Amino acid sequence: MDQQQPRAGEVNLIIRQLKRRLGEVEPVLIERVRRLPIVQLEALAEALLDFADMADLVGWLEQVQ
């Protein structure tokens, strides 16, 4: 089974969740999310539940990269 497909699905789901939680997400931030390793994607999937605004996403990305 192709390992990229499940990862791509997870990335797309997280991006949709971010957009629903925060509104429109800048393309540069979406690209940063797409480049995250799977372990960090999973952590982001949990962390985004506590995000109140875009600054929370930016701060989280700065912490992990």
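This report concerns the structure included in the present document. (Residues numbered from 1 in each chain as written. Predicted model: local features only at pLDDT ≥ 70, side-chain atom pairs only at ≥ 80, totals over all residues. Heavy atoms only, no water.)

1. Some thoughts on the side chain of R32
Now for step 1: Here R32 is to be found in helix 2 (residues 27–34).
Now for step 2: If we skip the residues at most four places from it in the chain, R32 touches L61, E62 and Q65. (Helix = DSSP H or I, 4+ residues; strand = E, 2+ residues; numbered from the N terminus. Contact = heavy atoms within 4.5 Å.)

2. Structural notes on the packing of helix 2 against helix 4 (residues 54–64)
Now for step 1: Their axes nearest at 11 Å, the elements helix 2 and helix 4 cross at an angle of 40°. Accordingly, the angle class assigned to the pair helix 2 and helix 4 is oblique. In the packing of helix 2 onto helix 4, the handedness of the crossing is left-handed. When helix 2 is examined against helix 4, the residues L29, R32 and V33 are found in contact with a partner set consisting of M54, L57, V58, L61 and E62.
Now for step 2: Its residues assigned to classes, the contact of helix 2 with helix 4 shows 6 nonpolar, no polar and 2 charged. (Axes fitted to C-alpha atoms, helices over the stretch in contact; angles between N-to-C directions. Parallel < 35°, antiparallel > 145°, perpendicular 65-115°, else oblique. Left-handed = near helix turned anticlockwise from the far one by under 90°. Nonpolar A, V, L, I, M, F, W, Y, C, P; charged D, E, K, R; others polar.)

3. Topic: the pattern of salt bridges
Working definition: two side chains of opposite charge can pair if their charged atoms are close together.
Now for step 1: Per the counting criterion, the structure on display carries 2 salt bridges.
Now for step 2: We note a salt bridge from R35 to E31, for which the minimum N-O separation is 3.7 Å.
Now for step 3: The exposure class assigned to R35 is exposed, which follows from its relative accessible area of 56%.
Now for step 4: Since its relative accessible area comes to 37%, E31 is described here as partly exposed.
Now for step 5: Residue E62 pairs with R32 through a salt bridge whose shortest N-O separation is 3.1 Å. Taken as a pair, E62 in helix 4 and R32 in helix 2 lie far apart in primary sequence, 30 residues in all.
Now for step 6: The class of R32 is buried, set by a relative accessible area of 16%. (Salt bridge = Lys/Arg side-chain N within 4 Å of Asp/Glu carboxyl O. Buried < 20%, exposed > 50% of the residue type's maximum accessible area, 1.4 Å probe, protein only.)

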